[in-house]
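# A closer look at the structure
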Amino acid sequence: MAPSTSGVITLDINGEKYSLSVDHRTTLLDALRERLDLTGTKKGCDQGQCGACTVLMDGRRVVSCLQLAVAAEGHAVTTIEGVADGDRLHPVQQAFIDLDGYQCGYCTPGQICSALAVLEEHAAGWPSAVTGDLRPGAGTPALTDEEIRERMSGNLCRCGAYVSIVRAVARAAETAGANAGAEGGAA
């Protein structure tokens with residue numbers, strides 16, 4: 001008897017558990033869009049090169065067109081639908097709106113998910129390819145426009161909104177820093 005090519009999996013998407021029967025070759029992107037009706041995540045190139053399908057898995061960004069749904073089982077997946085806090089937009093989403101970090105909007109969900117990861121990676125002190133000083137103890141590099149462009153380079157925007165996207169990420173970083181300072185001062 002041939003082994004089964006499908007099975008039932010449970011996915012944790014935006015804090016909710018979903019059980020579904022899938023072919024083992026189903027990508028996370030297709031499971032999100034076609035099986036769970038979470039269509040905010042976009043299918044761009046379907047080859048992992050454009051970043052339109054970027055989601056967060058355990059807080060780290062992944063291109064969901066290359067991630068198998070079965071491999072996402074046991075991990076917390078956040079899509080664009082799970083970024084806002086109810087009716088309150090996340091500061092990254094608000095910055096994209098305020099600074100016109102989108103044009104047609106197709107790549108925006110992936111851009112926002114990547115920006116969230118960029119801010120977390122930077123706050124954790126992770127270097128990028130353009131980080132100048134990598135010595136231990138050098139501290140977290142400044143989040144310059146060059147750093148943001150490098151860290152966001154896996155996400156393409158066919159409309160060319162890159163200048164506004166960089167400004168939006170920088171604004172969100174400033175907002176996050178101000179909120180952390182206010183929270184730290186209130187303790």
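As a reminder, the structure under discussion sits directly above these lines.
Residues numbered from 1 in each chain as written. Predicted model: local features only at pLDDT ≥ 70, side-chain atom pairs only at ≥ 80, totals over all residues. Heavy atoms only, no water.

## Some details on the overall build of the chain
What the chain contains, in helices and strands, is six helices and five strands. Each helix (α) and strand (β) of the chain, taken in turn from the N terminus, gives the series β-β-α-β-β-α-β-α-α-α-α. By principal-axis analysis of the C-alpha atoms, the chain measures approximately 60 × 40 × 35 Å. Partitioning the contacts of the chain with sequence separation of at least 6, the portion at a separation of at least 24 is 53%. Accessible surface computed for the chain: about 10,100 Å², of which carbon and sulfur atoms make up 50%. The centroid of the 15 positive side-chain charges in the chain is displaced by 4 Å from the centroid of its 23 negative side-chain charges. (Helix = DSSP H or I, 4+ residues; strand = E, 2+ residues; numbered from the N terminus. Contact = heavy atoms within 4.5 Å. Areas by Shrake-Rupley, 256 points an atom, 1.4 Å probe, with all protein chains shown as cover. Lys, Arg positive; Asp, Glu negative; His and termini not counted. Charge placed at Lys NZ, Arg CZ, Asp CG, Glu CD.)

## A word on the side chain of serine 128
One can find serine 128 in the loop between helix 4 (108–123) and helix 5 (145–151). Of the polar contacts made by the side chain of serine 128, one reaches the side chain of glutamate 147; its length is 2.8 Å. (Polar contact = N/O pair within 3.5 Å; in protein donor to acceptor, adjacent residues only side chain to side chain.)

## A word on helix 1 (residues 28–35)
Taken together, the buried positions of helix 1 are occupied by Leu28, Leu29, Asp30, Ala31 and Leu32. In this structure, the buried side of helix 1 is in contact with strand 1 (6–13), strand 3 (54–57), helix 2 (69–72) and strand 5 (76–78). Backbone geometry just after helix 1 places aspartate 37 at a positive phi near 60°. (Buried < 20%, exposed > 50% of the residue type's maximum accessible area, 1.4 Å probe, protein only.)

## A word on the state of the cysteines
What the rule picks out here adds up to zero disulfides. Not part of a disulfide, cysteine 53 finds its nearest cysteine sulfur in cysteine 65, a span of 3.7 Å. The thiol of cysteine 107 is not disulfide-bonded; the next cysteine sulfur, from cysteine 157, is found 3.9 Å away. Classification of cysteine 107 as buried rests on a relative accessible area of 12%. (Disulfide = S-S within 2.5 Å.)

## Focus: the layout of surface pockets
Its boundaries defined by the atoms lining it, the largest pocket holds a volume of some 330 Å³. If you trace the largest pocket, you find 17 residues lining it, with His90, Leu116, Leu119, Glu120 and Ala176 closest to the centre. Per-element accounting of the lining of the largest pocket gives the leading share, six residues, to helix 4. Within the lining of the largest pocket, the residues separate by chemical class into 12 nonpolar, four polar and one charged. Its boundaries defined by the atoms lining it, the second largest pocket holds a volume of some 160 Å³. Its residues assigned to classes, the lining of the second largest pocket comprises nine nonpolar, one polar and one charged. (1 Å grid on protein atoms, 1.4 Å probe; cavity = no way out; pocket = protein on both sides within 12 Å on 5 of 7 lines; lining within 4 Å. Points joined across faces, edges and corners; volume = space filled by probe spheres on them. Nonpolar A, V, L, I, M, F, W, Y, C, P; charged D, E, K, R; others polar.)

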